[in-house]
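Tertiary structure, described
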Amino acid sequence: MTDRLVDKPLLRVLAGGCEAIPPIWLMRQAGRYLPEYRALRAKAAGFLDLCFDTKQAAEITLQPIRRFGFDAAILFSDILVVPHALGQRVTFREGEGPQLDAIVDSSALKRLREEVDHVRLEPVYEAIAAVKRQLPVGVALLGFCGAPWTVATYMIAGAGTMDQLPARLFAYQHCEAFAKLIDILVEASTGYLIRQFAAGVDAVQIFDTWAGVLPGDEFRRWCIEPCSRIVAGVRKAVPGSRIIGFPRGAATELESYLDAVAVDAIGLDWTVELGFARDRVQTRRPVQGNLDPLALLAGGAALDRSIDAILDALSGGPFIFNLGHGVLPETPIAHVERLVARVRGATDG
Ligand code: CP3
């Protein structure tokens, strides 16, 4: 662990350190805004075929590192490989997002496996090992999983939804069945992350993209509790493992998340006010974020201003520069280059 800490700025920050130039990586840094990704995607039968092709997944993971020299690579995969490994049918149609066989009632739940089929996920673990062999010195490798609530929203709706209504309704109407699904996902995600560590990731991020739609009690029950069980389970199996939490939209509930979930650092979405981030969050845990992906798409003075405001507020403490959510497919490459240069101090004014 000590060696890794010495030569990887991102891991130094996760350990509570403060870097003069904050490490930077971007959520969805491997993806459709990159022509080299689109070229591989066009040749693939489907998105999941890319995720389960060890060589291609490793190659796509490395594409943004080669182009921009980020401080971390995030494994190219998807949060929905977990439902797939639980036996749910998952497909991605271009431009339409994911399609799953919706879980409409508690009997549909019984068709799921109770445990993840790790054989199906083997190519993912092999991709981690392949990336490790090719990663430049100083660059950390991140694994990830979706948080149980967020993954459940897709499993129940059978697709992405604007308001996660099907899962919210299901949780109220079939509370026991929903709790059972969350339990299955806690176990599945814990095992999945433990195996990612065994394959060689330096740290992992738990994406709770839809945490923000839950009212207080439900937030505790479906976001905080499951995530804290995953963190405890992973830590038990992998002592000292580094974990970043990303409860998107949690707003002031970020404080209760930090009270209960023992993550090493917390990802902030772009709506988190910078004074609150500095005074109430960064005083407790290293923070990561939180540039508005639309500012990156827009570029120009709006981008520069947004970057500077974040650096002014957060770079005095333990801080990892990132977006507040994923890179949008329409984002110009030149804007990402400008961002990296500005964060690293190569551009002034
Ligand atoms: O960040 C990275 O570069 C690593 C790879 C990664 C992907 N998805 C690749 C991807 C990661 C970490 C994810 C996480 C993910 N997947 C989340 C949580 C974070 C977030 O963005 O909210 C969620 C909710 C998903 C589920 C998912 N995957 C959706 C809803 C979609 C369709 C919408 C979209 O953006 O296309 C995907 C597809 C997906 N995942 C793509 C990529 C590169 C695009 C697929 C394609 O090329 O057709």
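Quick note: structure is the one above.
What you see is a predicted model, and the numbers here were worked out from it, not measured in a lab. (Residues numbered from 1 in each chain as written. Predicted model: local features only at pLDDT ≥ 70, side-chain atom pairs only at ≥ 80, totals over all residues. Heavy atoms only, no water.)

**Some details on the sheet that holds strand 6 (residues 242-247)**
Picture the strands of a sheet paired through backbone hydrogen bonds; they go either parallel or antiparallel. With respect to topology, seven strands assemble into an open sheet ordered 1-4-5-6-7-8-9, the strand pairing being parallel. Each edge of the open sheet carries a strand with a single partner, namely strand 1 (72-74) and strand 9 (319-323). Pairs of neighbouring strands in the sheet enclose a mean axial angle of 25°, with direction left out of account. Pairing of strand 7 (residues 265-267) with strand 8 (residues 287-291) involves two bridges; the strand directions are parallel. Bridged to I266 within strand 8 is V287. (Pairing = 2+ DSSP bridges. Helix = DSSP H or I, 4+ residues; strand = E, 2+ residues; numbered from the N terminus. Axes fitted to C-alpha atoms, helices over the stretch in contact; angles between N-to-C directions.)

**Focus on the site of the ligand**
In the vicinity of the ligand there are 23 residues, among which R28, R32, Y37, D78 and H325 approach most closely. Here an oxygen atom of the ligand and a backbone polar atom of R28 are 2.7 Å apart. T209 is positioned with one of its side-chain polar atoms (N or O) 2.8 Å from an oxygen atom of the ligand. Taking 860 Å² as the accessible area of the ligand by itself, protein coverage stands at 89%. Of all the secondary structure elements, the ones that give two or more residues to the shell around the ligand are helix 3 (35-43) and strand 3 (97-100). For the shell around the ligand, the class distribution of residues is 13 nonpolar, six polar and four charged. (Near = heavy atom within 4 Å. Polar contact = N/O pair within 3.5 Å; in protein donor to acceptor, adjacent residues only side chain to side chain. Areas by Shrake-Rupley, 256 points an atom, 1.4 Å probe, with all protein chains shown as cover. Nonpolar A, V, L, I, M, F, W, Y, C, P; charged D, E, K, R; others polar.)

**Describing the packing of aromatic side chains**
This model, assessed by the stated rule, comprises twelve aromatic pairs. With a centroid separation of 6.2 Å and 55° between ring planes, the pair formed by F170 and F178 is classed as tilted. Taken as a pair, F170 and F178 share a single burial class, namely buried. Ring geometry for F178 and W222: centres 4.7 Å apart, planes at 85°, overall edge-to-face. Of this pair, F178 sits in helix 11 (residues 175-199) while W222 sits in helix 12 (residues 216-237), placing them 44 residues apart in sequence. Judged by relative accessible area, W222 falls into the buried class, the value being 4%. Within the aromatic cluster, the residues linked to one another by ring pairs are Y37, F47, F76 and F92. Positioned above the aromatic ring of W210, the side-chain terminus of R248 is 4.9 Å from the ring centre. (Phe/Tyr/Trp six-rings, centres within 6.5 Å; stacked < 30°, edge-to-face > 60°. Buried < 20%, exposed > 50% of the residue type's maximum accessible area, 1.4 Å probe, protein only. Lys NZ or Arg CZ within 6 Å of the ring centre and 35° of its normal.)

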